Amino acid sequence: MRIGLVGSPRDLHLRRWGSALMRAGAEVWVFGLEKEPDDAMREGSYLPTGPPLPYIRVGEGVVRPQYWDFIRYRRSLFRILREYQIDLAHPIHLSPYGVWVYMSGFRPYVPFAMGAELEYTAWGRRQAQRGFWTSHPFLTALRHHTLPLLLRPALREANLILADNYSICENIKLLCKNKILLEVPAGVDLECWGGNGGDRVHGPSGRSGWILAPRGMTRFYQADYILEGFAHYWEGGGQLCLLLLANLYSADKNILEILNIFSKKHFKKIKVIDRLLSPAEMQEVWQQVVAFISAPSYDGYSYSVAEGRWAGAIPLLNAIPGNLEIATHGYNALLVHPFTPENLANALHALENHLSTLQETFAPRNQQWTQRFSDIENHARLFLKILIENL
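Residues numbered from 1 in each chain as written. Predicted model: local features only at pLDDT ≥ 70, side-chain atom pairs only at ≥ 80, totals over all residues. Heavy atoms only, no water.

**Describing the packing of aromatic side chains**
Moving on, step 1. According to the stated counting rule, one finds 16 aromatic pairs in the structure shown.
Moving on, step 2. Measuring from centroid to centroid gives 6.0 Å for phenylalanine 230 and tyrosine 233, while their planes differ by 90 degrees, and the two rings are edge-to-face. Linking phenylalanine 230 with tyrosine 233, this pair stays in helix H9 (residues 223-235), spanning three residues, or about one helical turn. Each member of the pair, phenylalanine 230 as well as tyrosine 233, is classed as buried.
Moving on, step 3. Considering the side-chain rings of tryptophan 286 and phenylalanine 292, the 5.4 Å spacing of their centres and the 90 degrees angle between planes classify their relative orientation as edge-to-face.
Moving on, step 4. Here phenylalanine 292 falls in the buried class, since its relative accessible area comes to 0%.
Moving on, step 5. Pairwise contacts between aromatic rings join Tyr67, Phe70, Tyr97 and Trp100 into one cluster.
Moving on, step 6. The ring centre of tyrosine 303 lies 3.6 Å from the NZ or CZ of arginine 16, which sits over that ring.
Moving on, step 7. The ring of phenylalanine 78 carries the charged tip of arginine 75 above its face, separated from the ring centre by 4.9 Å. (Phe/Tyr/Trp six-rings, centres within 6.5 Å; stacked < 30°, edge-to-face > 60°. Helix = DSSP H or I, 4+ residues; strand = E, 2+ residues; numbered from the N terminus. Buried < 20%, exposed > 50% of the residue type's maximum accessible area, 1.4 Å probe, protein only. Lys NZ or Arg CZ within 6 Å of the ring centre and 35° of its normal.)

**Structural notes on the pairing of strand E1 (residues 2-6)**
Moving on, step 1. For E1, the buried fraction is high: four of the five residues fall into the buried class.
Moving on, step 2. Handedness of the β-α-β unit built from E1, helix H1 (residues 12-23) and strand E2 (residues 27-34) comes out right-handed.
Moving on, step 3. Strand direction decides the pairing type here: E1 and strand E4 (residues 88-91), joined by four bridges, are parallel. What sits directly across from leucine 5, in E4, is histidine 90. (Right-handed = clockwise from strand over helix to strand, strands pointing away. Pairing = 2+ DSSP bridges.)

**What about unusual backbone geometry?**
Moving on, step 1. Here arginine 107 and proline 108 are connected by a cis peptide whose omega angle stands at 0 degrees.
Moving on, step 2. Take proline 108: it is sitting in the loop between helix H5 (94-104) and strand E5 (112-113).
Moving on, step 3. Omega for the peptide link from histidine 337 to proline 338 comes to -10 degrees, which places this bond in the cis form.
Moving on, step 4. Within the secondary structure layout, proline 338 lies in the loop between strand E13 (334-336) and helix H14 (341-353).

**Points about the confidence of the model for the protein chain**
Moving on, step 1. When pLDDT is averaged along the protein chain, the result is 85, and 85% of the positions lie at 70 or above.
Moving on, step 2. When the criterion is pLDDT under 50, residues 120-135 qualifies, and its contacts beyond four places in sequence or with other chains add up to 25 contacts. (pLDDT = per-residue confidence, 0-100. Contact = heavy atoms within 4.5 Å.)

**Brief notes about the nonpolar core**
Moving on, step 1. Ile211, Phe230, Leu316 and Leu351 are the most contacted members of the largest nonpolar core, which totals 37 residues.
Moving on, step 2. Examining the composition of this core, we find that eight residues originate from one element, H9, more than from any other.
Moving on, step 3. Leave out the neighbours within four places in its chain, and leucine 351 touches Ile211, Leu240, Ala291, Ile314, Leu316, Leu334 and Leu358.
Moving on, step 4. With 33 residues, the next largest nonpolar core counts Phe31, Ile86, Ala89 and Ala113 among its residues. (Core = buried A, V, L, I, M, F, W, Y, C linked by side-chain atoms within 4.5 Å.)

**Brief notes about the packing of H9 against helix H10 (residues 253-265)**
Moving on, step 1. Two elements in contact, H9 and H10, have axes separated by 9 Å at closest approach and are oriented at 20 degrees. Relative to H10, the element H9 is oriented roughly parallel. When you trace H9 past H10, the crossing you get is left-handed. Side by side, H9 and H10 meet where Ala223, Asp224, Leu227, Glu228, Ala231 and Glu235 of the first sit next to Ile255, Ile258, Leu259, Phe262 and Lys265 of the second.
Moving on, step 2. Residue composition of the contact of H9 with H10, by class: seven nonpolar, no polar and four charged. (Axes fitted to C-alpha atoms, helices over the stretch in contact; angles between N-to-C directions. Parallel < 35°, antiparallel > 145°, perpendicular 65-115°, else oblique. Left-handed = near helix turned anticlockwise from the far one by under 90°. Nonpolar A, V, L, I, M, F, W, Y, C, P; charged D, E, K, R; others polar.)

**Section: the sheet that holds strand E3 (residues 55-62)**
Moving on, step 1. Spatially, four strands are ordered E3-E2-E1-E4 in an open sheet, and the strand pairing comes out parallel. This sheet does not close on itself; its edge strands, each paired only once, are E3 and E4. Here the average twist between neighbouring strands, direction ignored, is 20 degrees.
Moving on, step 2. With respect to the sheet, H1 is in contact with E1, E2 and E4, its orientation differing from that of E1 by roughly 175 degrees.
Moving on, step 3. Here H5 sits on the sheet and contacts E1, E2, E3 and E4; the angle it forms with E4, its principal contact strand, is near 150 degrees.

Written out as structure tokens, the structure reads:
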């Protein structure tokens, strides 16, 4: 089957899912408006194994596509998909790429809703409550009211809809009730980790005293609260250290200022990695840290959380719907609710005081769940089987 993934060539979720489909036997191309990725994005970090996905640019190449660009090039997308004899268009994210395929007139197509893209307005409200800078309120309100109008026909025309978490399935049902939905938490490439059962995953022994924050230094991922929480924890005598990955998203200026202040005061306890890591380097990091923190304002099924659980690191998560689907406090994770610096500091003290017990109990539970429900290779094979049988 010839599948045309429609999305950004820089989207790591698209690239992982596309690589899994290719390994499962599909012929895969990526179609998008952006210019081709640079060498760093082609070769760097946290990327799937295997050959790169072939990328076909639609149009002249846009640095940051706007909705007008998708309207302008909708017929071009149709012609190129037909030219490459694509059997199925597979947009990654409902907006804008699912809407783009719908507007192009190409059929059949199956969109993949990822993250919490139907709940973006909730993030804006939370940021306002925290006193953060937000988009213009008029534009936020306009998006809130116009997005359903764009998505309803795109969802209605789709042959099938994939979603990576239950929360987004519920939101889709509000927009398009009589539609077949398939929840696919397209998680970890277990083959890349050396076979089934987490054979290469380290147990509690041999790990360092570092806690990983893998999702960048932005307000959306509440890196300011993470830094302030660690400051409270260290002032209370805590000994575990913080490792920040800052390679995927541009850091917010005020968070860099906070980091600079804390780094001078606790320079031995903070480390920042600001370059792209190879898959082997990322695995080594996961196998050394004792725990990880993921605290976005909203989220769907997080690849970082999935990989951390498979690696046997203890999850410290905020209690948003996407995390509550997969984590139970005290059973396989520590949930911080509400996610404030003070509550995070208390959770870090609890983690340090019960470290061995939590490692021994959480790791096997998370690894067993991941192997059963979050193997991206199995999901890709299942998806292709469903397509072949029903389209």
